[in-house]
Amino acid sequence: MNLKSLLVVFVLSFLLLTPMVTKCGETKISMTLWNRATVERESGEFTERYFSLGRGYLRIEPKFSDKIKGRFNVDFFSDDDALDGAGLKLKYAYLDFKELIPIPESKVTAGLIKNYFGTIYDWNYITIQKALEDKEKVTSSTDYGIALYGYLPEGYGEYAISVLNGEGYKKTGSDVNLNPAYQANVRLIPIPGVTIGGSVRYEDVSFDPDTSISNLVYAGVGHLAVGPFEVWGEYLVKDLEETKSQGFMVMPIVKLGKLSGVDVDLVGRYDNWNANADVDNDGHSRIIAGFNWNILRDAKGKPQVLLQVNGERTTYEDTSKDPVDKLMMQLRWAFSTKIK
């Protein structure tokens, strides 16, 4: 079945499914789309210049009861490698069970779930660029598995314990090895405006040592918010059997909307990544600067129409490689409705 037929089947299934899911209670249907313009320049030459749909989310969230709800998400995007210039991926498909076990403010989520690691699980694209662990292919944003997620008492933070395939949402079936990945994440809020935490994932290679090289991945995360100023920081390490990769991200934000009547956020970001700590000249750095203009917010204050402009430069330790400059402009828009 080609992609066009698959899309037709998906749309028809969605139309047939909607009346049935509404019988189970309240169902939320939403979409988010990222229309993007990209210009890239290297060695004095333009290497990329195009308009695209960076991604589009179609999300269905049925609520079966006060303690059981689901989420189904597809990610579609313009793609020159797929038929008819369009790509399609499953992004989320899980059920949440609130307080399934006797722990207050907890839930068990199972299926194609959020990857509760570092900054990737709540990354809301303050920059157009992906989270550091996603950009450097350390871990994916979602994975198949099960997780216990919850909040600490008195608003002091959150935690998550997960068992995952470990390969991410793009690999299934025979592409998944026999070794499960065990993961833990915690974020603490010792005082308002300060968040610190970290994540660790360990893959047990005893089941199938011939197919797995990944042993340990861990990250430390920090967030400081004071008035209109915020800064995010992350330190990330991927420790394999033969190589160790490491790097960090720092991302300051200035919310001008808190200083004036213009709902604009100024954003900066610096990434540093070394693919192999034991090898010279294989690292790179990335500088991003830009702004987010919140053109329209919904009733809850969430951005509904957002214009993002980012300039990005990537430089390399290997001085024989020229820097790569990229300019991206993105119109991100979202809408939703509830069916009762």
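Scroll up to find the structure.
Rules of the game
- Residues numbered from 1 in each chain as written.
- Predicted model: local features only at pLDDT ≥ 70, side-chain atom pairs only at ≥ 80, totals over all residues.
- Heavy atoms only, no water.
- Helix = DSSP H or I, 4+ residues; strand = E, 2+ residues; numbered from the N terminus.
- Buried < 20%, exposed > 50% of the residue type's maximum accessible area, 1.4 Å probe, protein only.
- Contact = heavy atoms within 4.5 Å.
- Areas by Shrake-Rupley, 256 points an atom, 1.4 Å probe, with all protein chains shown as cover.
- Lys, Arg positive; Asp, Glu negative; His and termini not counted.
- Charge placed at Lys NZ, Arg CZ, Asp CG, Glu CD.
- Salt bridge = Lys/Arg side-chain N within 4 Å of Asp/Glu carboxyl O.
- Pairing = 2+ DSSP bridges.
- Phe/Tyr/Trp six-rings, centres within 6.5 Å; stacked < 30°, edge-to-face > 60°.
- Lys NZ or Arg CZ within 6 Å of the ring centre and 35° of its normal.
- Polar contact = N/O pair within 3.5 Å; in protein donor to acceptor, adjacent residues only side chain to side chain.
- Core = buried A, V, L, I, M, F, W, Y, C linked by side-chain atoms within 4.5 Å.
- Patch = residues over 30% accessible without salt bridge, like charges linked within 9 Å, V, L, I, M, F, W, Y side chains within 5 Å.

Visitor: Help me get a handle on the overall build of the protein chain, residues and values and all.
Guide: Helix and strand counts for the protein chain stand at two helices and 16 strands. Based on the C-alpha atoms only, the size of the protein chain along its principal axes is roughly 60 × 55 × 50 Å. Across the 340 residues in the protein chain, those meeting the buried criterion constitute 41%. Considering only intrachain contacts with a sequence separation of at least 6, the fraction spanning at least 24 residues in the protein chain is 50%. When the accessible area of the protein chain is evaluated, it comes to approximately 18100 Å², of which 60% is carbon and sulfur surface. Positive and negative side-chain charges of the protein chain, numbering 39 and 45 respectively, have mean locations separated by a distance of 9 Å.

Visitor: So what's going on with the pattern of salt bridges? Residues and values would help.
Guide: Counting across every chain of the model gives 14 salt bridges. A salt bridge links lysine 338 to glutamate 26, with the nearest nitrogen and oxygen atoms 3.8 Å apart. With lysine 338 in strand 16 (residues 324-339) and glutamate 26 in the loop between helix 1 (3-21) and strand 1 (27-42), the pair connects residues that are 312 residues apart, well separated along the chain. The salt bridge involving arginine 286 is made with aspartate 271; its shortest N-O contact spans 2.8 Å. Of this pair, arginine 286 sits in strand 14 (residues 283-297) while aspartate 271 is found in strand 13 (residues 264-274), placing the two residues 15 residues apart along the sequence. Like arginine 286, the residue aspartate 271 is buried in the burial classification. Each of Glu136, Arg269, Asp271, Arg286 and Glu312 takes part in salt bridges that share partners, so that together they form one network.

Visitor: Requested: an account of the pairing of strand 11 (residues 229-240), with residues and values cited.
Guide: One ladder, built from eleven bridges, connects strand 11 with strand 12 (residues 244-255); its direction is antiparallel. Bridge pairing links tyrosine 235 to phenylalanine 248 in strand 12. Hairpin connection from strand 11 to strand 12: three residues lie between these consecutive antiparallel strands.

Visitor: Tell me what's going on with the packing of aromatic side chains, and back it up with residues and numbers.
Guide: Here the structure, examined in full by the defined rule, presents eight aromatic pairs. Both rings, one in tryptophan 34 and one in tyrosine 57, keep their centres 5.1 Å apart while their planes meet at 80 degrees; by these two values the pair is edge-to-face. Here tryptophan 34 is found in strand 1, whereas its partner tyrosine 57 is found in strand 2 (residues 45-62), with 23 residues between them in sequence. In this structure an aromatic cluster arises from ring pairing among Tyr116, Tyr121, Tyr149 and Tyr151. Here the basic side chain of arginine 49 rests over the ring of phenylalanine 46, its NZ or CZ set 5.2 Å away from the ring centre. Looking at arginine 55, its charged tip hangs above the ring of tryptophan 34, at a distance of 5.6 Å from the centre.

Visitor: Quick one: what's the story with the side chain of threonine 127, residue by residue and with numbers?
Guide: Relative to the helices and strands, threonine 127 is located in the loop between strand 5 (106-114) and helix 2 (132-135). Within the structure, the side chain of threonine 127 is placed 3.2 Å from the backbone oxygen of glutamine 129, a separation counted as a polar contact. For threonine 127, the contacting residues outside a window of four places in its chain are Met251, Val267, Arg269, Ile288, Gln308 and Asn310.

Visitor: Residues and numbers for the side chain of glutamate 203, please.
Guide: Among the structural elements, glutamate 203 can be located in strand 9 (residues 194-203). Here glutamate 203 is buried and forms no salt bridge, its nearest opposite-charge partner arginine 201 lying at an N-O distance of 5.8 Å.

Visitor: Before we move on, can you summarise the nonpolar core with the specific residues and values?
Guide: In terms of nonpolar packing, the biggest core is built from 18 residues, with Phe117, Trp123, Ile126, Trp232, Leu236, Met249 and Met251 touching the most fellow members. If you list the elements that add at least two residues to this core, you get strand 10 (214-226), strand 11, strand 12 and strand 13. Look past the residues within four positions of isoleucine 126 in its chain and what remains in contact with it is Trp232, Met251, Ile253, Val267, Asn292 and Gln308. Formed by nine residues, the second largest nonpolar core is a distinct cluster that contains Ile113, Tyr116, Tyr149 and Ala160.

Visitor: Go over a positive patch on the surface with me, naming the residues and quoting the values.
Guide: Judged by side-chain charge, Lys130, Lys135, Lys137 and Lys170 come together as a positively charged surface patch. Examined against the element boundaries, lysine 137 turns out to sit in the loop between helix 2 and strand 6 (142-151).

Visitor: Tell me about the environment of proline 180, and please be specific about residues and values.
Guide: Along the chain, proline 180 falls in the loop between strand 7 (157-164) and strand 8 (181-191). For the pair proline 180 and aspartate 204, spaced 24 residues apart in the sequence, the C-alpha separation amounts to 6.3 Å. In this structure, proline 180 is in contact with Val163, Leu164, Tyr202, Glu203, Asp204 and Phe207, ignoring residues within four places of it in sequence.

Visitor: Before we move on, can you summarise a nonpolar patch on the surface with the specific residues and values?
Guide: Where nonpolar side chains cluster on the molecular surface, the patch consists of Ile146, Val163, Leu178, Tyr182, Tyr202 and Phe207 and spans about 580 Å² of accessible area. Along the chain, phenylalanine 207 falls in the loop between strand 9 and strand 10.

Read these as geometric descriptors, not functional statements.
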